[in-house]
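Analysis of the macromolecular model
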Number of protein chains: 4
Amino acid sequence: MCGIFGIYSYERLNVAKKIYYGLFALQHRGQEGAGIATSDGKNIHYYKNIGLVTDVFKNETLQNLFGYIGIGHVRYSTTGGKAVENCQPFVVKSSFGNIAIAHNGDLVNSDELRRELEMKGHIFTSSTDSEVIAQLLVRELLKTSDKIEAIKNTLKKLVGAYSLLIMFNDSLIAVRDPWGFKPLCIGRDESNIYISSEDCALTTLDAEFVKDIEPGEIIEIKDGEIISHKLDYGVSEYNPVNVDVPCIYRGAATCMFEYVYFARPDSTIDGISVYKVRKRIGKILAKEHPVDADVVSPIPDSGVTFALGFSEESGIPYYEGLIKNRYVGRTFILPSQNERELAVRLKLSPVKSVLEGKRVVLVDDSIVRGTTSRRIVNMVRKAGAKEVHLRIGCPKIISPCYYGIDMATKKELIASNKTEEEIGKAIGVDSIGYLSLEGLVKAIGRKDLCLACVTGKYPTEVNFEKILGRE
Amino acid sequence: MCGIFGIYSYERLNVAKKIYYGLFALQHRGQEGAGIATSDGKNIHYYKNIGLVTDVFKNETLQNLFGYIGIGHVRYSTTGGKAVENCQPFVVKSSFGNIAIAHNGDLVNSDELRRELEMKGHIFTSSTDSEVIAQLLVRELLKTSDKIEAIKNTLKKLVGAYSLLIMFNDSLIAVRDPWGFKPLCIGRDESNIYISSEDCALTTLDAEFVKDIEPGEIIEIKDGEIISHKLDYGVSEYNPVNVDVPCIYRGAATCMFEYVYFARPDSTIDGISVYKVRKRIGKILAKEHPVDADVVSPIPDSGVTFALGFSEESGIPYYEGLIKNRYVGRTFILPSQNERELAVRLKLSPVKSVLEGKRVVLVDDSIVRGTTSRRIVNMVRKAGAKEVHLRIGCPKIISPCYYGIDMATKKELIASNKTEEEIGKAIGVDSIGYLSLEGLVKAIGRKDLCLACVTGKYPTEVNFEKILGRE
Amino acid sequence: MCGIFGIYSYERLNVAKKIYYGLFALQHRGQEGAGIATSDGKNIHYYKNIGLVTDVFKNETLQNLFGYIGIGHVRYSTTGGKAVENCQPFVVKSSFGNIAIAHNGDLVNSDELRRELEMKGHIFTSSTDSEVIAQLLVRELLKTSDKIEAIKNTLKKLVGAYSLLIMFNDSLIAVRDPWGFKPLCIGRDESNIYISSEDCALTTLDAEFVKDIEPGEIIEIKDGEIISHKLDYGVSEYNPVNVDVPCIYRGAATCMFEYVYFARPDSTIDGISVYKVRKRIGKILAKEHPVDADVVSPIPDSGVTFALGFSEESGIPYYEGLIKNRYVGRTFILPSQNERELAVRLKLSPVKSVLEGKRVVLVDDSIVRGTTSRRIVNMVRKAGAKEVHLRIGCPKIISPCYYGIDMATKKELIASNKTEEEIGKAIGVDSIGYLSLEGLVKAIGRKDLCLACVTGKYPTEVNFEKILGRE
Amino acid sequence: MCGIFGIYSYERLNVAKKIYYGLFALQHRGQEGAGIATSDGKNIHYYKNIGLVTDVFKNETLQNLFGYIGIGHVRYSTTGGKAVENCQPFVVKSSFGNIAIAHNGDLVNSDELRRELEMKGHIFTSSTDSEVIAQLLVRELLKTSDKIEAIKNTLKKLVGAYSLLIMFNDSLIAVRDPWGFKPLCIGRDESNIYISSEDCALTTLDAEFVKDIEPGEIIEIKDGEIISHKLDYGVSEYNPVNVDVPCIYRGAATCMFEYVYFARPDSTIDGISVYKVRKRIGKILAKEHPVDADVVSPIPDSGVTFALGFSEESGIPYYEGLIKNRYVGRTFILPSQNERELAVRLKLSPVKSVLEGKRVVLVDDSIVRGTTSRRIVNMVRKAGAKEVHLRIGCPKIISPCYYGIDMATKKELIASNKTEEEIGKAIGVDSIGYLSLEGLVKAIGRKDLCLACVTGKYPTEVNFEKILGRE
């Protein structure tokens, strides 16, 4: 994951504050760290740290980030441990001037690339893919003075997911990998060009959406011009699922989890509204797993739109049976080990008047860990529910992701070695239903998706050594 | 406003951490400051400061708050300016031992009481009603060694809203004023008695709800006993509205805004579910102000349940047309004066795919300031809405509140001197509709409400000097 | 202890920043907390908190402290535990307008006064004498509209040490108790009148020293006038020591520890230079306890001037045999229990080249705890000293102080039940010598001193109940 | 400047806390930033940040720094701006395992080395010499598996000052450059080997001093052994001053400023006590520039030992005529532009009783800026001094330093283009006297010093391009 945001101001005004707001709109894509780098044409200025955008940047810090070109990054929490070194943009002072890189995605072959570079005497100060890309890029810049050429030569070495922002002293370059794993789009207003992971940040800044950057496209912004370049190598055929639905296929492998979970509902990715996908998922779920019940309730926040769709399709009235404490998310003193249920109740609270005596359908996006789901189900039963039925808006996740989603967070551990029935039993529900693969593709309305986590078929070669290392 | 929470542990275990969690569950009732005072039978320990519960209390602080009796307070943001002196509980070291007081509500005659006390040589270090009550109480304790007698004599002097927690060295006392303005209830588990502003905090701590404290009731918890005392003076008849609805009337004057806005939806106040009231409001609103439209959307968060009710009654499908950034609420660098619209867009973002080409009904609980509403309506139109209809789940507020709700925050300034039609015009909607007074009473299902802010009729005498001072 | 500083600006300019600098110059008098209160003629503004002056006040805070009259306070660390409530000035909003009080000293009869007030229904929110004085003053103000009359009536009730600053809306009043326990002086420049605990703060602000406030004097500053009032009751004869030295006797009982330890060396108290007193102490010590040695070295910082005097008188060369780490004083991670010697070495480090093979005289102001002294002596021996002789610039402390010096910090525990010889043995020195009482009086050059801690004779009646409570 | 400290624990105990205390003892060598890196044999752990050692490290941070080998660094404030990237140790994850480097000194040819590396495709993330050394070292490690060989090959490329600590996964290496510019010594106790910039840190940790590392010596600590290696190239003859004093000459070029100003007085560098050097400087100064006066006073803190020596030699009594506020050094609100004199008075305060009517000799180590000296002299005169004579314990600084001392801080701007007489006049003293070059060498007692800043003759070739860039 992670979110990236860049601006080029034609009027040469400072862009740091606008980037700050853009990152604020993309905060859902990464909460571990944040950074902004700006260029005034000669010098580079940057600041990055652990924490939310609002914690990392204070007025004084922003005011020192001079420059009319800038890129920002919000970092997703991964297993690698929090460290300021791993925050981005990664900034390099080289003989070719300053270079700053912000990266969303995960390279499959980064370990191999690191090893190769180390064998040539290079050293690394972080564990980011951005640093690998920076080192490769600088080597290519020694061979050719054409920056786009150097970038193309660099990208040819990369396998995996990368939506990139590269800032030179006087230009801003945006890249989306040939598979189009991660979203990236362009916006503009009277005086600026914007690049953003999601168009919701364009809306926040009142910028006009221009277009999604295409898989394999390189956008160069310089001297008042926007030039589109194309990576000249294709992606090998990847048609992960044989679904008999009339839908788009453009040969990409865009992450389905962006639609299901990660992206903000007000975003539109490659022309498809995230909100509508989620509502359709709810409807298809109701068709695939119908149930005789009195109320449909989401597990907030992620289940809300699915549950609305389920209600609309099934005719079972929608109620908020669980209320989320709006102050959750702040650091607070954790309950002790033997108060785990308290931890759940601090976050979610049942509405007894809604649940009492009712047959309840609970809808969520996934079962992260069986234990939390079981506690929620217990809580709902304790509030008086007669029956509890669980519906999940995504197929069972069975394979790890190598393109940027941390499976330690999102992997449905419980799903990997149990049948649906066994899972339902473990959680203690009266019935359980996962969205089918066909249902998912139909709901999204396109077939050129990366579905590796639910099918086990990967759109790129996968580094098996790395897989072993992870498991 | 404000929220209060108290615990008495029969097993003499430390209660501070439980109070912390209770206050966390009541955080919505006050975000300006927080405090906890505990008694170990001999000594009193306390800490209070500006900020959210999670900011004010760190592990080390909590661990120093020894004691098996304790009371806590979350302070509502008022015009008086932030100051640690005004945080509660108010703690007194007197010849009668330590006394700590936490107060929810607003006394109408506090200025007069202060003046009287000052004339007797008393001084004040804060601007809280708690300090006034403490001074009065200590004077009464000089006259009688019977604490309940002293409390009764003190309460007789108070006019206005007060849900109180009073902690002595070895007992905990809870009081709800004779009008029952503010909610207050009792809970228990195997080893503790709890007092809470709302029962949602009991649910969080897995405590059993015992009962709502009645208007004019004094609950004393001491030596393993719970004793109920009664204030022996009645409330003058207050029947604010002649509504022909079959509903409860018990002579109280409970704040209707608790049901409409303040209390958490999972709370039940005086036997009535807040969530159900809000859903009923939405339904009645749909009946009172029907409209031919394509989608119903709330203005989040407060409009959600109203909008669900409106949708259910009208049959118009419910969509989330506006997405709230979940990181709003954190301190962030404000946009400059000429970027006011940005401030709204940072908070709320339109879902174009939902709104485009549609006739939209927006539902909210009130119109705080016309300007924000106008900006939201503009945003919705800009996202493509063909028509925008606004429905408000509360009658127009026309009179100030003297019982604890800060009208600088919630008063519908725009409502006070304009007709509904004029308001709709100013905001730029195609139609507007406020809930009727009858509709409100019907939705809540009880008549013994304080409706002063929407009728101008006050349940107590009102200090006119104070009114002048405020306006 | 504690330090107080006040300003009245004739030109009605804001005084908060100047008070900040004044408190910075008085920081040595109290490091636990700091506060400033200002009056703009109508409103009072104040801020106080735990910590050093530089930690408590930031630019923004100071800028909000409007007003042309102001008083400040630095709080001495006492056993009572750190609490913001005990920081001063103590601010009262009463019917007589705002009153702020800052106090240096300790009342002997504060417990009795508290009890009396409590019996009249007063409550207390802090454990400061300032609050007691404020309550008494407000009661007197009810009886007479003459503020000075009310202050005099209040002061008559106080027994013990008090240098006071009292700020009303439009005037500033300074008081020194009839015994003159604590110093207090007046300064001025073109546009301001200053009151300060020590004249060193006047020097810092480039103000001219006007005079020491006399014991029993009340200084009123108002409307461009400075009026001196006199408390009309005398102090009972107190001549604590029959010393045959030609020196000043004015009937006061000024704390000798101000000269020996507390005041800054660049201050002059009641006309006597603190620096010169300390140098004379060193000289007298050399005469009283001569020793055949090679080097004289102070234990820094407090022993420096004594050691210089000792060297000058004895002819033994002065060397810095121990270097103090200049970063001591900052919060740092403490060594564990079994690394106590490390704690001493982190603070002080021996200069081997100075100590090796030498007979060393170490000079200090007191023996706080025998353990630290023993460790220092060990360190000096380990660095190669052949002999170690200890000289102390103050008589043995044998009785507690009731006038403001915390004996938990300064009391020579080791002195109370041991002879000099026994102490020397316990510490491991070759010889030890304390300054004599006569030597002390001679060095200070005045007889009207409070010498209670070294003689056991108190200049006021002492509350025996309180003594028992403390021991 | 900067300070470095390393430990190798034979008993494989964690060393981070001991390094913390070692850095605390070396804090005077650098206040801008601090860092510690440790190795547990396999993994490297590190933390570094802007600020004092006590600010950067909290208990929790230290506890996570596992490992029995460790190195630490305190960073000197330089013109390059504060940035966490420039804090050290510099940590590299390379194919040869982890490498951490801490550096004290300044390379003369770092710009050239950077350019060369950049031409080979290397990138830089900081502006430290450590990063340059790390990159060179990794390249050499590709050529030979012998670490010492690789280090030697790396060092051959470096011109300038470097005392280095290099930590590999399982060994600790210490290097002092062939000129011996900066001090570095070894210590030990029962279970650890220590390397420290100064032996004062050994004293703090109660470690035994083993020896000064010799110029051009490489110390390797590994598997319980300490092996000494020697760089096999010599230093070209550098005999900067033809002084007819019988003193040591070993062909080194050790920085004279370490003796005069930087090192702690309790340190001994290359067998010579810093304290004794400073006392001798004072004595020689008294001989070289005698004056008829009443008191000798230092400008604290740096002038103290000089002034004691001056007093001892001249017989003029030593007095502390200026008192330094001990809270200076903490961040405080600065006086405004037109209150510059206040800034000086906040730091230093005159003791009137010492200065009044006296002919005063002030002694300092250097004249940093004429303005501050002039203000101090004014202050002393205003306090009543009849005459003011200034004596400086160091020759006039006339040339920039390229070996690690920031001339923006220490360069006597006033000295560079004025005669002594002119300087005295500008400052407003009755007479002025600088220590002579001969006097300096005699006081230190060795001739193999770097005296470039006072003679203009440099012990190494100097990069003229760099000089131009700086001036």
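Residues numbered from 1 in each chain as written. Chains lettered and ligands numbered in written order. Predicted model: local features only at pLDDT ≥ 70, side-chain atom pairs only at ≥ 80, totals over all residues.

1. So, the overall build of chain A
Basically, it comes down to this: A run of H or I in DSSP counts as a helix once it spans at least four residues, and a run of E counts as a strand once it spans at least two, with each numbered from the N terminus. Partly exposed residues are those whose C-beta has more than 12 but fewer than 20 other C-beta atoms within 10 Å; 20 or more makes a residue buried and 12 or fewer makes it exposed, with C-beta atoms placed from the backbone. What counts as a contact here is a pair of residues whose C-beta atoms, placed from the backbone, lie within 7 Å.
Secondary structure summary: chain A contains 19 helices and 23 strands in total. Seen along its three principal axes, the alpha-carbon backbone of chain A occupies a region of about 70 × 50 × 45 Å. For chain A, the proportion of its 471 residues judged to be buried stands at 56%. If you take every contact in chain A between residues at least 6 apart in sequence, the share linking residues at least 24 apart comes to 72%.

2. Brief notes about the arrangement of the chains
The two units chain A and chain C are non-contacting; their minimal C-alpha-C-alpha distance is 14 Å. Chain D makes no contact with chain B, the minimum C-alpha separation between the two being 14 Å.

3. Describing the relation of the copies chain B and chain A
What counts here: For the least-squares superposition of copies, only C-alpha atoms count, and only for residues with pLDDT at least 70 in both.
Each copy superposes on the other: chain B lies on chain A with an RMSD of 0.1 Å after a rotation of 180 degrees and an axial shift of 0.0 Å. Interpreted geometrically, this transformation is the action of a two-fold axis. Residues of chain B ranked by C-alpha distance from the rotation axis are headed by B:R326, positioned 4.4 Å from it. Both copies present the same face, since 100% of the interface residues in chain B are matched by interface residues at the equivalent positions in chain A.

4. A few points about the relation of the copies chain A and chain D
Look at the two chain copies: a rotation about an axis and a shift along it is all it takes to match them. Between the two copies, chain A and chain D, the superposition gives an RMSD of 0.1 Å; the rotation angle is 179 degrees and the shift along the axis is 0.1 Å. An overlap of 100% is found between the interface residues of chain A and their copies at the interface of chain D, pointing to a shared contact surface.

5. Focus: the sheet that holds strand 9 (residues 185-188) of chain C
Residue and element names in this part refer to chain C. In plain terms, the rule: Pairing between strands requires that DSSP locate at least two bridges from one strand to the other. Interaxial angle, 0 to 180 degrees, is taken between N-to-C directions of lines fitted to C-alpha atoms, where a helix line uses only the stretch in contact.
Taken in spatial order, the seven strands line up as 3-2-4-1-10-9-11 in an open sheet, and their pairing is antiparallel. On the outer flanks of this sheet lie strand 3 (44-50) and strand 11 (208-212), each paired with one strand and no other. Ignoring which end each strand starts from, the neighbouring axes of this sheet average 15 degrees apart.

6. Re the pairing of strand 12 (residues 217-222) of chain B
All names here are of chain B. Bridge count between strand 8 (residues 171-176) and strand 12: five bridges; the pairing is antiparallel. Among the inter-strand pairings, S171 is bridged to a residue of strand 12, identified as K222. Here six bridges tie strand 12 to strand 13 (residues 225-230), and the two strands are oriented antiparallel to one another. For E220, the partnering residue across the bridge sits in strand 13 and is I227. Counted between consecutive antiparallel strands, the loop separating strand 12 from strand 13 contains two residues, among which D223 sits at a positive phi close to 50 degrees.

7. Some details on the pairing of strand 8 (residues 171-176) of chain D
All names here are of chain D. Taking burial as the measure, the six residues of strand 8 include five buried ones, the bulk of the element. Pairing geometry for strand 7 (residues 163-167) and strand 8, over five bridges, is antiparallel. For M167, the partnering residue across the bridge sits in strand 8 and is L172. As consecutive antiparallel partners, strand 7 and strand 8 are separated by three residues.

8. Overview of the interface of chain B and chain A
Interfaces are frequently sized by the accessible area removed from exposure as the parts join. Rule in force here: When residue character is reported, Ala, Val, Leu, Ile, Met, Phe, Trp, Tyr, Cys and Pro are called nonpolar, Asp, Glu, Lys and Arg charged, and the others, Gly included, polar.
At the junction of the two partners, chain B supplies 44 residues and chain A supplies 44 residues. Looking at the side of chain B that touches chain A, the elements with two or more residues in it are helix 1 (16-25), helix 3 (59-63), helix 7 (200-204), helix 9 (274-288), helix 10 (304-314), helix 11 (340-347), strand 19 (348-350) and helix 12 (352-355) of chain B. For the side of chain B that touches chain A, the leading source of residues is helix 1 of chain B, giving four residues. Among the residues making up the side of chain B that touches chain A, the classes are represented as 22 nonpolar, 13 polar and nine charged.

9. As for the domain arrangement of chain A
All names here are of chain A. Basically, it comes down to this: For the domain bounds, the source is a domain assignment made automatically or taken from a database.
The domain boundaries assigned to chain A delineate domain 1 (3-230) and domain 2 (255-455). Between the C-alpha centres of domain 1 and domain 2 there is a distance of 33 Å. Taken together, the contact pairs 18 residues of domain 1 with 16 residues of domain 2.

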